[in-house]
Every structure is written in C-alpha cells, then in structure tokens.
Amino acid sequence: MTDQVPTETPGPQYRVGIEHFDALDVEFSTGLVNVLNNTGLANTLVAGLLLLLPDPDVWRLTISGDVVASVNSIEQREGDNAYTLERGVGQVGARTINVPDGTYDIVIGAWSFMPAFEVSSPEELVEYMHRIGSHLVIHESGHVILHQRGEDSEAFQELAAGTGTEWAWRKHLAAHIDDFRIEKMTNRTAPSPASNVEGIGDTLVHMRNELTESNLLRLTDGEAATFRSSTAVNDLIRVMTYLTAELGAGATITKGMRPDPLPEGWNEYLEEVWDAWALNLDRLKPADEPMPVEEIAAVLTDLCRVVVLWSQNIIGYHFEMHDGGSWTANWYRATY
C-alpha cells in the first residue's frame, strides 16, 4: 500500500510518502497517519530535511510499515540477499540509499516514532514523535551530505593503515565514524529523546551471551561462532558510538564522561577502553563541517588498533587475520 502524505507545501515539491502501512496494527497505523497529517509531523520531517538538503529534488522520504520490503524494492534485492533490520538487541530505525541518478531515498520505519517507555498523555506522545522524527531526518540527511562531499565511509575506509587484523575492522568502524560525525552534528540542534544509556547495558549483556554461546559452538562450527562473536562485538561498538555522541551533547568530549547509571559489566568490559574510544572519536568534526579524508582515515587507523587490543585483552575474544587471507579466532574465557 502506497499513499502520499499531504503537507502544507505543494505535494509535487516534497516527495513524502507512506507505504506498507497494511503491515501495521490498524490502531497504530491510523494514529500515525493522523499525527502525520493533523499535528504537523509530516511538516516537521520536511523541515528537518530542508536544513541540510534545501533542494527537494535530491531526496524522497518514505515512512514504511515494512522497511525490509521497502529497501529490498529500492535496491532490487533478491530473497537470498534481503535487507536485515536486527542489530544486536536493537533494530535499524532508518536507512538512506544512494540512487545511481544522484538522488537519495530515505526510509524510516513507522515503529521508530514510538517510544520504548510509557508516556503519560497523547500530547506527550505527539511531542515525542516530533522530536524523534526531527532527529531521524537530520541524521539521515547527514549521510547524504557526507556522500555528496566525498567524505563517507566508502571514501576513506581503504586508506586505513595497520596490521591485517586491524584492517579487517576498517569497514565496520568506518560506518561508525560516519554515524558519530552525524550524531555530533544532529545532537547540537535536535538531540534524540531516546537515550542510549539503557541500550548500552542491554547490548553488553547480548555480547556476553553471544560470546559464551560461541565458545561452545566453535567446537562444531568455528566459522559460525566467529561470525556471531565478531558481530556481537561490533553491535556493542555501534551503541558505544551513539552513546559517546550523546554524552558529548554536540560539544567537546572530555575524559571521564560516563553514562549514569553504569550498566552491569561496565567496569569489567568498558571502563578501561572508554576514554580512548571516546577521545579518539572526538577528533572527528561534525558532519556539516568538511574534513580531509586523510584525517578521517588517521582516526580510523587508531580506532582499529584500539578495538583489536580491547577485544583481545579486555573482552577476551581475538579474531586475527594472517598472511594469505587465513584467519583464526580465540575465546579466552569459559563464560563472559
């Protein structure tokens, strides 16, 4: 199902639509359409995009009840290469797709507008939807401007230096660098009403469970165990990236910044690495400030080194690349 969401501006000028709302609960889909149309949420989304993308011919915005179906359609993905939403204990809330003609499709999951906590009134819910919507569209427009300037992950990830093991992390950490620069920019004007403080604890628990289970799985399927473990570590790094930007609140990050309260396992797994991780990230400029790709790559090189040392010496899981393309993985704890 595809419908056009009307805004106060002429429809043809701003391409804002909804699709796959028939996949949603009827009450939720009806309520969201009402908020989009009658409380100005659609206009809030357009206004957020126009801050950085003033030419409306450059972008299309879709609110989707089935992001997988929407992304698969735009990218013409087949069933064996379908897009996935799961990222550890969380889900992707939005996706920006670079189209070959130089335009961009921005897809936001309908569920992203709902808070994970109880709200006290309909007015509070509507306020939340506007705040999270503004944050999401400004964040996604950040991906566009980085790509337009030739500063996104594809432009600098191959410039990273280091050992083969460190280089194996470059693509993952380059994507996190993009997100950090974008969040550093976005949090100045539209901080998210959803905090990553609780998420870091849940994701840390998830990583520990995955490593513990992988330590047994490695006896029968080492490749699957390695994939699960490396993915779980990367999922935690992703939340660490967002939390760092949140704690910095769009300003300079200082040594000693910590979430409050500290989640269980923080002192064991994150305390020793946190300042190195956060302060290296803060060498990066916000997404709306140009930065030479060589400088971004230098930060990427250092972050790859930090992650390899942290994973081996603190987490107790070490993935290592060898000459010739072979690799090994070792788990140094019986349980995590």
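Residues numbered from 1 in each chain as written. Predicted model: local features only at pLDDT ≥ 70, side-chain atom pairs only at ≥ 80, totals over all residues. Heavy atoms only, no water.

## Remarks on the overall build of the protein
Of the regular secondary structure elements, the protein holds 12 helices and nine strands. A compact globule built from 336 residues should have a C-alpha radius of gyration of about 20 Å, and the protein, at 21 Å, falls within 12% of that. Expressed as lengths along the three principal axes of its C-alpha atoms, the size of the protein is roughly 60 × 45 × 40 Å. Residue pairs in contact within the protein that sit at least 24 positions apart in sequence constitute 70% of those at least 6 positions apart. Summed over all atoms, the accessible surface of the protein reaches about 15400 Å², with 51% contributed by carbon and sulfur. (Helix = DSSP H or I, 4+ residues; strand = E, 2+ residues; numbered from the N terminus. Rg over C-alpha atoms; globule rule 2.2 N^0.38 Å. Contact = heavy atoms within 4.5 Å. Areas by Shrake-Rupley, 256 points an atom, 1.4 Å probe, with all protein chains shown as cover.)

## What to know about helix α3 (residues 67-75)
V67, S70, V71 and N72 are the residues of α3 that are buried. Contacts from the buried residues of α3 go to β2 (16-19), β3 (59-64), β6 (94-98) and β7 (104-109). Looking one or two places after α3, you find Q76, whose phi comes out positive at around 55°. (Buried < 20%, exposed > 50% of the residue type's maximum accessible area, 1.4 Å probe, protein only.)

## A short note on the side chain of T103
If you trace the backbone, T103 turns up in the loop between β6 and β7. Among the polar contacts listed, one links the side chain of T103 to the side chain of R60, at a separation of 2.9 Å. Of the polar contacts made by the side chain of T103, one reaches the side chain of D101; its length is 2.5 Å. Ignoring sequence-local partners within four residues, the contact set of T103 consists of D57, V58, R60, I97 and N98. (Polar contact = N/O pair within 3.5 Å; in protein donor to acceptor, adjacent residues only side chain to side chain.)

## Some details on the packing of aromatic side chains
Enumeration according to the criterion identifies five aromatic pairs in this entry. Their ring planes at 85° and their centres at 5.5 Å tell us that F117 and Y128 sit as a pair that is edge-to-face. Here F117, found in the loop between β7 and α4 (122-148), pairs with Y128, found in helix α4; they are 11 residues apart in sequence, far enough to count as distant. Judged by its relative accessible area of 7%, Y128 is buried. The ring of W167 has R170 sitting right over it, with the charged end atom 3.4 Å from the ring centre. (Phe/Tyr/Trp six-rings, centres within 6.5 Å; stacked < 30°, edge-to-face > 60°. Lys NZ or Arg CZ within 6 Å of the ring centre and 35° of its normal.)

## Quick word on helix α1 (residues 26-38)
Turn by turn, an α-helix covers 3.6 residues, leaving residues three or four places apart pointing in a common direction. Look at α1: 18 Å from first C-alpha to last across 13 residues, which is about the 18 Å you get at 1.5 Å a residue. Residues F28, S29, L32, V35 and L36 constitute the buried set of α1. Axial view of α1: buried residues confined to an arc of 125°, hence all on one face. Facing away from the buried side of α1 by more than 90 degrees, the exposed set consists of V26, E27, T30 and N38. Check the buried side of α1 and you find it contacts β2, α2 (41-52), β3 and α4. Its side-chain oxygen at 3.0 Å from the backbone nitrogen of E27, D25 defines the N-terminal cap of α1. (Expected span 1.5 Å × (residues − 1). Arc of directions from axis to C-beta.)

## Structural notes on the nonpolar core
General note: in soluble globular proteins, nonpolar side chains tend to be found buried as a group. Grouped together as the largest cluster of nonpolar side chains are 50 residues, with contacts concentrated most on M240, L270 and W310. Listing elements by their share of this core, those giving two or more residues are α7 (170-189), α8 (197-217), α9 (222-248), α10 (266-269), α11 (271-281), α12 (293-315), β8 (317-321) and β9 (327-331). The contacts of L270, once residues within four sequence positions are left out, are I200, L204, L236, M240, G265 and W310. L24, F113, Y128 and I182 belong to the second largest nonpolar core, which has 38 residues in total. (Core = buried A, V, L, I, M, F, W, Y, C linked by side-chain atoms within 4.5 Å.)

## Regarding unusual backbone geometry
Glycine aside, a negative phi is what most residues show, and trans is what most peptide bonds show. For the bond from D260 to P261, the omega torsion is 5°, close enough to zero to count as cis. The residue P261 is located in the loop between α9 and α10 in this model. Phi at H20 takes a positive value of approximately 60°, unusual for a residue other than glycine. Along the chain, H20 turns up in the loop between β2 and α1.

## Quick word on the pairing of β8
With five bridges connecting them, β8 and β9 associate as antiparallel partners. Opposite H318, over in β9, you have N330 as the bridge partner. If you look at the hairpin formed by β8 and β9, you'll find five residues sitting between the two strands, and G324 has a positive phi there, around 90°. (Pairing = 2+ DSSP bridges.)

## Some words on the pattern of salt bridges
Considering all chains together, one arrives at 15 salt bridges under this definition. Its salt-bridge partner being E75, residue R77 comes within 2.5 Å of it at the nearest N-O pair. R258 serves as the salt-bridge partner of D275, at 3.0 Å between the closest nitrogen and oxygen. Placement of D275 in helix α11 and of R258 in the loop between α9 and α10 is noted, with a sequence separation of 17 residues between them. Look at D275 and you get buried, because its relative accessible area is 16%. Each of E75, R77 and R95 takes part in a single network of salt bridges with overlapping partners. (Salt bridge = Lys/Arg side-chain N within 4 Å of Asp/Glu carboxyl O.)

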